[in-house]
Structure formats: C-alpha cells, structure tokens
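# Close look at the chain arrangement
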Amino acid sequence: MIGLNVYSFIMPGIKLISSICISGILGALIGWLGIFTNRSLGYTFAPEVHLFIYFAFIGFGSGLGAYLPWLDVESSVLKRLGILFVACLLGILGAYLGYVYGLNSAVEWLSMRYTIDFKTHRVAILVPVVFMAIVGGYRELRD
C-alpha cells in the first residue's frame, strides 16, 4: 500500500541526493586507489588491463556509494549482496561508457600515463544512482 505522507516524498529525495554525493566521493576516492594500484604494479601489464583496473575501482566506488543510502536492512543478505553487485557492475559499465562516449579532452593531468578525466566519473556515478533510485523508490512506495 502506498502511504501518502510527508516521509514518503521527502526521504526518497534525500536518499537520492545523498546517493549522488556519496557515489561521487567514493568513486573519486576509490578511483585514486586504482591509480595508486596501477602505479604500484608499475604498469607491467597491457594498457587495457590497467584501464580496466581503473574502471573497476571507479565503478565499485560509485556503485557502493549509490547503494549505501538505499540500504534495506530488512531484506535478506543474499538480496542485498545481489543488488550491491548489480550496482557495482553498472558503475563499471558507466565508467566504460563515460570513457568511450564522453566528451573528448586532453588527459595529461598530473603527467600520469593512463589518466582519465572526469567524464568517466560522471557517467559512472549516473548509471548506478539511477538504478538504485528505481530499486529504492520502488521499495519505498511498496512499503
């Protein structure tokens, strides 16, 4: 049953805004961890492998950040892990799509070899946040 009170309208909006903020922060911070991982590996692998490592770190951070405000502690652990896994996969997909289809710009930031500019982060934030807003909004309206 849909409850039509103030909580039903305000809390999903607050969760959406906090999902965007936390996803951006964790995507950037864990993306930096991906850069440090690549630098500590010494770029020994093919450039595509290091690019995937970077996308995986950004996507995991963005997916985790999008998931945390919508966390439902009443559901089963398997269901929570499944939704988190999908959100992280969508974050990785969003990072790749942002890299491929984003605006072209120079990527010589901090003179790093495989630096990606912010277009990757924007789409990596957007895709899991939209997914979690749909899933979380459905759960809010269902309850």
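First, a word on scope: everything that follows refers to the structure included in this document. Predicted, not measured: the structure shown is a model, and the values here were computed from it.

## Digging into the overall build of the protein
Secondary structure assignment for the protein yields 4 helices and 0 strands. Walking the protein from its N terminus toward its C terminus, one meets helices and strands in the order α-α-α-α. Across the 143 residues of the protein, 39% fall into the buried class. As displayed, the protein has an accessible area near 8500 Å², and 74% of this comes from carbon and sulfur atoms.

## Topic: the packing of helix α1 (residues 6-41) against helix α2 (residues 47-67)
Taken N-terminus to C-terminus, the directions of α1 and α2 make an angle of 155°; their axes are 7 Å apart at the nearest point. Classified by the interaxial angle, the pair formed by α1 and α2 is roughly antiparallel. Pair α1 / α2 crosses with right-handed handedness. A breakdown of the residues in the contact of α1 with α2 according to their chemical character gives 13 nonpolar, 11 polar and no charged.

## Details of unusual backbone geometry
A positive phi angle, near 50°, is found at tyrosine 43, a position not held by glycine. Looking at where tyrosine 43 falls in the secondary structure, it is placed in the loop between α1 and α2.

## Notes on the packing of aromatic side chains
Per the counting criterion, the structure on display carries 3 aromatic pairs. Both rings, one in tryptophan 32 and one in phenylalanine 36, keep their centres 5.9 Å apart while their planes meet at 45°; by these two values the pair is tilted. Here tryptophan 32 pairs with phenylalanine 36, and both are found in helix α1, just 4 residues apart, close to one helical turn.

## A word on the side chain of serine 19
Relative to the helices and strands, serine 19 is located in helix α1. Take serine 19: its relative accessible area is 0%, and that puts it in the buried class. Residues within four places of serine 19 in sequence aside, it is in contact with Gly65, Ala66, Pro69, Trp70 and Val129.

## Comments concerning the environment of leucine 126
Relative to the helices and strands, leucine 126 is located in helix α4 (residues 119-142). In this structure the C-alpha to C-alpha distance between leucine 126 and glycine 94, which are 32 residues apart in sequence, comes to 7.4 Å.

## Some remarks on the pattern of salt bridges
Tallying each qualifying case throughout the model produces 1 salt bridge. In this structure, glutamate 140 engages lysine 15 in a salt bridge whose closest nitrogen and oxygen atoms are separated by 2.6 Å. Taken together, the residues glutamate 140 in helix α4 and lysine 15 in helix α1 connect sequence positions 125 residues apart. A relative accessible area of 16% means that lysine 15 is categorised as buried.

## Observations regarding a nonpolar patch on the surface
The grouping of Leu93, Tyr96, Leu97, Tyr99, Val100 and Tyr101 at the surface amounts to a nonpolar patch, some 590 Å² of accessible area in total. By the element assignment, tyrosine 99 lies in helix α3 (residues 77-101). The exposure class of tyrosine 99 is partly exposed, given its relative accessible area of 34%.

The rules we used
- Residues numbered from 1 in each chain as written.
- Predicted model: local features only at pLDDT ≥ 70, side-chain atom pairs only at ≥ 80, totals over all residues.
- Heavy atoms only, no water.
- Helix = DSSP H or I, 4+ residues; strand = E, 2+ residues; numbered from the N terminus.
- Buried < 20%, exposed > 50% of the residue type's maximum accessible area, 1.4 Å probe, protein only.
- Areas by Shrake-Rupley, 256 points an atom, 1.4 Å probe, with all protein chains shown as cover.
- Axes fitted to C-alpha atoms, helices over the stretch in contact; angles between N-to-C directions.
- Parallel < 35°, antiparallel > 145°, perpendicular 65-115°, else oblique.
- Left-handed = near helix turned anticlockwise from the far one by under 90°.
- Nonpolar A, V, L, I, M, F, W, Y, C, P; charged D, E, K, R; others polar.
- Phe/Tyr/Trp six-rings, centres within 6.5 Å; stacked < 30°, edge-to-face > 60°.
- Contact = heavy atoms within 4.5 Å.
- Salt bridge = Lys/Arg side-chain N within 4 Å of Asp/Glu carboxyl O.
- Patch = residues over 30% accessible without salt bridge, like charges linked within 9 Å, V, L, I, M, F, W, Y side chains within 5 Å.

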